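Report on the structure
What follows is each chain in one-letter form.
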Amino acid sequence: MFICYVVRAYLKLAEDKTEAAKGESQQMVLDIEDLDNIQTPESVLLSAVSGEDTQDRTDRLLLTPWVKFLWESYRQCLDLLRNNSKVERLYHDIAQQAFRFCLQYTRKAEFRKLCDNLRMHLGQIQRHHNQSTAINLNNPESQSMHLETRLVQLDSAISMELWQEAFKAVEDIHGLFSLSKKPPKPQLMANYYNKVSTVFWKSGNALFHASTLHRLYHLSREMRKNLSPDEMQRMSTRVLLATLSIPITPERTDIARLLDMDGIIVEKHRRLATLLGLQAPPTRKSLMKDMVRFNVMQCVVPEVKELYNWLEIEFHPLKLCGRVTKVLNWIRDQSEKEPELQHYVQHLQNNTILRLLQQVAQIYQSIEFSRLASLVPFIDPFQLERSIVDAARHCDLQVRIDHSSHTLSFGSDLNYSPKEDSPVGPYLQPMPSEQIRSQLTAMSSALAKAIHIVKPTHLLTEKEEQHQVAVSSYLKNARKEHQRILARRQTIEERKERLESLNVQREKEEMELREAELQKVRKAEEERLKQEALEREKERLLQEHENIKRKHVRERLEQIKKTELGAKAFKDIDIEDLEELDPDVIMAKQVEQLEKEKRELQERLKNQEKKVDFFERAKRLEEIPLLKNAFEEQRIKDMDLWEVQEEERITNMTIEREKALEHKNRMSRMVEDKDMFLAKLMSSRRTIYEEKLKNFQDKLSEERAQRLEDRKKRRKEERRKDYYIQQEEEAERLKEEKIRKGTNAETD
């Protein structure tokens, strides 16, 4: 499509301009947090108090506008091309270019906005799927393009260390997986699991990090036919180390215990398990079982293969840390070949310390701190003490630190009861508190045996026989007793119904009496209210009549006073006093004032008429000679103006005629060429016309001959049909005459 070419060319020009500005600027990364809000109050204050040289200003003026323009170009193009199946490929290409732009210029704010826009566009596609050009998300090609874009988004978020946006991208990818009816490609799932494992590790969730690596391991082993032994060994080693790095017990603060956040944590784990396609959240124990069931240890490198037995199976506290130290040193030596294994060193150390404390607690009642520190060579005493405190807080380990004697005491509280989710590991013997609990269990078993001796079997048999006799006696009299109970119940019900009916009748009579009394009181009150209403109505009508009369008088007086005559007639009289006067008196005063005004007006008009007449006559006598002089001056000016304009007109016409003659002479040289061109054109056109006319005449002759032949055949066929019809009619007529003659002969 042409629009694809235009958009790609437009973005290519914008990218070239930005690259050129970047080449001229020494500033490789913009220090502006948001391109949509370049001048913030903080930046203005900072520029006022800090020094800014010429190069900084040049970089800001050169690079910033083009970077902002390129960002706006990407955003506007994505808004323009959304939810259009014809330019879907172009839309995803631009989205991936925008991610590369954010990664190149380290634009974190714009990356978040871009992710939000893509999420909004996907929602609009799902809402407006009925449009003619809408994108069909059930189409495998559309799903593949969306997944490709989301994986680029996830990769860019990981590269920019925007882990929250990376997790949102993981949720978006899982949502696209749920829309697809077909399972995704194994290569796509492997890439997805690899990136999700990184996100989980960066978020500090070692459990789901290991679970993701398990899923990646099983997928690779099932789907990849060309998996080399080295790759299998490397993946198995990483799965083993990631599984053993899972904290033995989750670290929970005292506030989390008080707020009872178990439900929230379970719900969070269920959501994360859904992202990996698991039916239930994984646990450390379940991952260990899966690792053993699928024989992951067989493919692990020999240096790490025994680590699982040392931490989870064997009980040897004095050699545990020394063995694990060799494995940790080997992992550190592989930093260049296997850099991803270096993350597990710290977690393996913490789990090793916890296993050591658990095993030491089962052997020793107390131990010197220096002796314990010598068993852990890869950690200093301060960190060891902190690990002991954390183990006592989170892992249900009975340990006390005596700083005065520099010793540790284990299992001193006999009333302590471990929790159900306490960590399980190599086991040698129970703690004293567990022994107390087992003693109670043994006591319960002994008491059960004593009860069996005190109550032998024959006593229980006799008791059972007595019970059977009581049951048989009950079964014999059960029906009769049941009938008696039903009859008694019926009697009680009838008595209750009778009492209820009497109570209802009594209440009904009392209610009728009260209703009659209330009716009388209500009727008397209505009569009184009706009488008072009639009296108030009469008073109201009289008052309204008086108010209307007064209102009419006031309005009439106001109208009279608004006139010039009325204002003069009633100038010294108040409106309240006028309301008391008779309307006839008011009318007489008004007529008298009118007559007076009329006489004064006639006198003024007569005097004014004389004055105007004298003034007009004198004015005309003075202006007649002035008008004559003005007319003569104007006539002379008009004559001069006409002569000037006439000379200009003659001059212009002369110039125009000369130009026309010059143009005629110039064009006359082209007459011969024009005639030749027209003759050539007419000759070629006449040849074409004659050829077409000849073709037309030939076609006309052929068509005419064809039509004459057709008409001749048609007329011949019509004559033949008419002949046959006449023959049939003649035969029919002869047959009828023959029949008629035969009939007449028989009649005769």
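Calculation criteria
Residues numbered from 1 in each chain as written. Predicted model: local features only at pLDDT ≥ 70, side-chain atom pairs only at ≥ 80, totals over all residues. Heavy atoms only, no water. Helix = DSSP H or I, 4+ residues; strand = E, 2+ residues; numbered from the N terminus. Contact = heavy atoms within 4.5 Å. Areas by Shrake-Rupley, 256 points an atom, 1.4 Å probe, with all protein chains shown as cover. Pairing = 2+ DSSP bridges. Axes fitted to C-alpha atoms, helices over the stretch in contact; angles between N-to-C directions. pLDDT = per-residue confidence, 0-100. Expected span 1.5 Å × (residues − 1). Buried < 20%, exposed > 50% of the residue type's maximum accessible area, 1.4 Å probe, protein only. Core = buried A, V, L, I, M, F, W, Y, C linked by side-chain atoms within 4.5 Å. Salt bridge = Lys/Arg side-chain N within 4 Å of Asp/Glu carboxyl O. Patch = residues over 30% accessible without salt bridge, like charges linked within 9 Å, V, L, I, M, F, W, Y side chains within 5 Å. Phe/Tyr/Trp six-rings, centres within 6.5 Å; stacked < 30°, edge-to-face > 60°. Lys, Arg positive; Asp, Glu negative; His and termini not counted. Charge placed at Lys NZ, Arg CZ, Asp CG, Glu CD.

Attention shifts here to the overall build of the chain. The number of helices and strands found in the chain is 25 helices and 3 strands. Across the chain, contacts joining residues at least 24 apart in sequence account for 69% of those joining residues at least 6 apart. Accessible surface for the chain amounts to roughly 53900 Å². Of this, 54% is attributable to carbon and sulfur atoms.

With that settled, the discussion passes to the sheet that holds strand E3 (residues 407-410). Reading across the sheet, the 3 strands line up as E1-E3-E2 and stay open at both edges, with antiparallel pairing between neighbours. On the outer flanks of this sheet lie strand E1 (366-368) and strand E2 (399-402), each paired with one strand and no other. Across the sheet, the mean angle separating the axes of adjacent strands is 20° when strand polarity is ignored. As paired elements, E1 and E3 share 3 bridges and run antiparallel to each other. Residue isoleucine 367 lies in a different strand from E3, and its bridge partner there is leucine 408.

Confidence in the prediction for the chain averages 79 pLDDT; 85% of positions are at 70 or higher. The element-level mean pLDDT for the chain is lowest in helix H2 (residues 41-49), coming to 48, with helix H25 (residues 671-747) highest at 90. Low pLDDT, under 50, characterises residues 44-57; the stretch is placed with 4 contacts to residues that sit more than four places away or in other chains.

Over its 17 residues, helix H8 (residues 186-202) runs 24 Å from end to end, which matches the ideal 24 Å to within 8%, given 1.5 Å per residue. Those residues of H8 lying buried are Met189, Tyr192, Tyr193, Lys195, Val196, Ser197, Val199, Phe200 and Trp201. Glycine 204 occupies a position one or two residues after H8 and carries a positive phi of about 85°.

So, on to the nonpolar core. Within the largest apolar cluster, 116 residues are counted, with the highest numbers of intra-cluster contacts made by Ile94, Tyr192, Val304, Leu307, Ile331 and Leu372. Considering each element in turn, this core owes the most residues, 9 residues, to helix H4 (residues 88-105). With residues near it in sequence (within four places) discarded, valine 304 still touches Thr237, Leu240, Leu241, Val327 and Trp330.

All told, the structure shown has 29 salt bridges when counted by the stated rule. Two residues, arginine 355 and glutamate 312, come together in a salt bridge whose shortest N-O distance is 2.9 Å. Here glutamate 312 lies in helix H15 (residues 307-313) and arginine 355 lies in helix H17 (residues 345-363), a separation of 43 residues in the sequence. Taking the relative accessible area as the measure of exposure, glutamate 312 reaches 14% and is therefore buried. Note that glutamate 632 and arginine 635 form a salt bridge whose closest N and O atoms lie 2.4 Å from each other. Pair noted here: glutamate 632 and arginine 635 are both in helix H24 (residues 583-668), with a separation of 3 residues, about one helical turn. A relative accessible area of 35% means that glutamate 632 is categorised as partly exposed. In the salt-bridge network here, residues are joined through shared partners; they are Arg8, Arg89, Asp93 and Glu148.

Here we take up a nonpolar patch on the surface. A grouping of Tyr10, Trp66 and Phe69 is seen on the molecular surface, where their side chains present a nonpolar patch of about 260 Å² in accessible area. Relative to the elements of secondary structure, phenylalanine 69 occurs in helix H3 (residues 54-81). Here phenylalanine 69 falls in the partly exposed class, since its relative accessible area comes to 34%.

In this structure the tally under the stated criterion is 9 aromatic pairs. An angle of 55° between the planes, with centres 5.7 Å apart, marks the rings of tyrosine 74 and phenylalanine 101 as tilted. Pair noted here: tyrosine 74 is in helix H3 and phenylalanine 101 is in helix H4, with a separation of 27 residues, a long-range link. With a relative accessible area of 2%, phenylalanine 101 lands in the buried category. Look at tryptophan 201 and tyrosine 344: their rings are 5.2 Å apart centre to centre, the planes differ by 75°, and that puts the pair in the edge-to-face class. Placement of tryptophan 201 in helix H8 and of tyrosine 344 in the loop between helix H16 (317-333) and H17 is noted, with a sequence separation of 143 residues between them. For tyrosine 344, a relative accessible area of 1% puts it in the buried group. An aromatic cluster is defined as three or more aromatic residues linked by ring pairs; in this entry it consists of Tyr10, Trp66 and Phe69.

The grouping of Arg711, Arg714, Arg715, Lys716 and Arg719 at the surface amounts to a positive patch. The topology assignment puts lysine 716 in helix H25.

One ladder, built from 4 bridges, connects E2 with E3; its direction is antiparallel. Along E3, the bridge assignment pairs isoleucine 401 with leucine 408. Turn length for the E2-E3 hairpin, with the two strands adjacent in sequence and antiparallel, is 4 residues, and the turn residue histidine 406 shows positive phi of about 55°.

Let's shift gears to a negative patch on the surface. A cluster of acidic residues, Asp638, Asp640, Glu643, Glu647 and Glu648, forms a negative patch on the protein surface. Tracing the chain through its elements places aspartate 638 in helix H24. The class of aspartate 638 is partly exposed, set by a relative accessible area of 41%.

Even without glycine at this site, threonine 106 takes up a positive phi of about 55°. When you line up the elements, threonine 106 lands in the loop between H4 and helix H5 (108-127). A positive phi angle, near 55°, is found at asparagine 295, a position not held by glycine. Looking at the element boundaries, asparagine 295 is found in the loop between helix H13 (284-293) and helix H14 (302-305). A residue is classified by how much of its surface remains accessible, and asparagine 295, at 40% relative accessible area, is partly exposed.

Further remarks concern the environment of aspartate 230. Tracing the backbone shows aspartate 230 in helix H10 (residues 229-244). With relative accessibility at 59%, the residue aspartate 230 sits in the exposed group. In this structure, the C-alpha to C-alpha distance between aspartate 230 and valine 301, residues 71 residues apart in sequence, is 9.5 Å.

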